[in-house]
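Coordinate inspection notes
Residue-level listing of the chains:
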Amino acid sequence: MNKWRRIEEELQSLQEQHLYREIRVIESSQHAHVRYRNRDMLMLASNSYLDFCDEERIKAYAAQVLTEYGTGSGGSRLTTGTTVCHIQLEEALARFKGRESAMVFNTGFAANGGVLPALCRGGDIIYSDELNHASIIDGCRQSRAETVIYRHNDMRDLERKIREHPGQPGLIVSDGVFSMDGDMVDLPGLVELADTYGLLSMIDEAHATGVVGNSGRGCEEYFHMEGRTDILMGTLSKAIGAEGGYVCGSRTLTEYLKNRARSYIFSTSLSPVTVAAAKRALELIEEEPWRVRRLQENIRWFCRELQKNGIDAHSETAIIPIRIGGEEKAVQVSEALLEQGFFIPAIRYPTVKKGEAMLRAALMATHTKEELTAAAAAIGRAVNCLT
Ligand code: PMP
């Protein structure tokens, strides 16, 4: 009897449907240019939007912290794993997001997986956008609450669904910037519904922090709604260029989560080096506002260049979806672009729906206009030739 048969068959089926995932090995640090397959590539897929993964001043500070604090934290946050560096980062995050308090988790995934089951229990309702990130979906599943999915960013559908559960306590959760389509939550609509119906509001700012708002503070700054969301969650692994997740809000919120969020309590905390790098990156966003401005200029420039090349591209965020449709075609377009030195992987099911495969271009503040113009022309050619 072959105990692995079912699994082997499933792998084969993934291959036949062009849904099999290959790991791509990058042979350099993460920058606007990377080495891949022994060649220089223009990186158009990284979440390191401000190009902080390999930044000299961040590295110098992290190296100093490495010498002083070593490589590991030796325990969970509530045992030995809270150093001065962790506290400094939390203070910096709370300041940056204009909140009373912040707490750091090991990843953004762990933050969503910790917060949602801690705050919501049996008898509660979690209203979740249909395009929310997998970590929110898993967090909802791990809680004992009922999850009600509403149509993407559709506040009328959300209100209709809230009214079907009169008086039931709960929470509305949404990506701030949606991770595949790059569009933004209707924050004014969501907060108004949360306030009207006495629900908590929670926004995942993974792709918003360092990207949207005049100074990169995220969705609230973009909508001029500072302080209006109950729970701001995010990650340190994208624009901040390090690792880790965070939650910002009231002291009541963070004190509660420190006592109830299992992914915070039962997991060894981030190394002091990582949290130090994240803190220095937050300072650099403030010290060098040109980075956020350049990123926002690059977004406008790249969308215009794509449009000139016949691609229907619109985005106000660093994520620019280029829709292809079929999985096989998307892989072919991505391979053709790789051959020409442009790194943009195809995004396929289950990350997006079947038959809605796409390229997900992600921009950095340090891409030059010339690079983006060349990339847009190559994408236009590849998409128009192969689809
Ligand atoms: N939320 C969103 C919207 C994300 O896109 C991601 C990462 N892909 C996460 C949460 C998880 O963050 P992390 O990578 O830090 O685990």
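Treat the numbers as computed from the prediction; the structure is a model and nothing was measured.

This next bit is on the packing of aromatic side chains. Ring pairs (aromatic) are described by centroid distance and by the angle formed between their planes. With the rule as written, the count across this model stands at 3 aromatic pairs. Taking 5.1 Å as the distance between ring centres and 85 degrees as the angle between the ring planes, the aromatic pair formed by Tyr36 and Phe343 counts as edge-to-face. Residue Tyr36 is found in strand S1 (residues 33–36), and its partner Phe343 is found in strand S11 (residues 342–343); the two are separated by 307 residues along the sequence. We note that Tyr36, like Phe343, is buried. Between the aromatic rings of Tyr222 and Phe223, the centroid separation amounts to 4.8 Å while the plane-to-plane angle is 80 degrees, which identifies the pairing as edge-to-face. Residue class for Phe223 comes out partly exposed when judged on its relative accessible area of 24%. Over the face of the ring belonging to Phe343 we find Arg24, whose NZ or CZ atom lies 5.6 Å from the ring centre. Over the ring of Trp301 we find Lys369, and its NZ or CZ is 5.8 Å from the ring centre.

Turning our attention to the site of the ligand. Within the structure, the ligand sits among 14 residues, and Gly108, Asp204, His207, Thr235 and Lys238 are positioned closest to it. Separating an oxygen atom of the ligand from a side-chain N or O atom of His207 is a distance of 2.6 Å. Here Ser237 contributes a side-chain N or O atom positioned 3.2 Å from an oxygen atom of the ligand. The protein chains hide 84% of the 390 Å² of surface that the ligand would expose on its own.

Further remarks concern the domain arrangement of the protein chain. The assigned domain composition of the protein chain is domain 1 (19–48 + 289–386) and domain 2 (56–287). A C-alpha centroid distance of 26 Å is found between domain 1 and domain 2. Counting from both sides, the interface comprises 20 residues of domain 1 and, opposite them, 23 residues of domain 2. Counting each side, the surface lost to burial between domain 1 and domain 2 is near 1,500 Å², with a carbon and sulfur contribution of 55%. When residues of domain 1 are sorted by the area they lose upon contact with domain 2, Asn47, Val292 and Thr317 head the list and together hold 29% of the total. Where domain 1 touches domain 2, the interface holds 1 salt bridge. Where domain 1 meets domain 2, there are 7 residue pairs in polar contact (both at pLDDT 80 or more). Where the side of domain 1 that touches domain 2 is concerned, the elements lending two or more residues are helix H12 (290–308), strand S10 (319–325) and strand S13 (357–362). No other element matches the 4 residues that H12 contributes to the side of domain 1 that touches domain 2.

Reading the values: the criteria
- Residues numbered from 1 in each chain as written.
- Predicted model: local features only at pLDDT ≥ 70, side-chain atom pairs only at ≥ 80, totals over all residues.
- Heavy atoms only, no water.
- Phe/Tyr/Trp six-rings, centres within 6.5 Å; stacked < 30°, edge-to-face > 60°.
- Helix = DSSP H or I, 4+ residues; strand = E, 2+ residues; numbered from the N terminus.
- Buried < 20%, exposed > 50% of the residue type's maximum accessible area, 1.4 Å probe, protein only.
- Lys NZ or Arg CZ within 6 Å of the ring centre and 35° of its normal.
- Near = heavy atom within 4 Å.
- Polar contact = N/O pair within 3.5 Å; in protein donor to acceptor, adjacent residues only side chain to side chain.
- Areas by Shrake-Rupley, 256 points an atom, 1.4 Å probe, with all protein chains shown as cover.
- Domains from an automatic or database assignment.
- Contact = heavy atoms within 4.5 Å.
- Buried area = accessible area lost by both parts, 1.4 Å probe.
- Salt bridge = Lys/Arg side-chain N within 4 Å of Asp/Glu carboxyl O.

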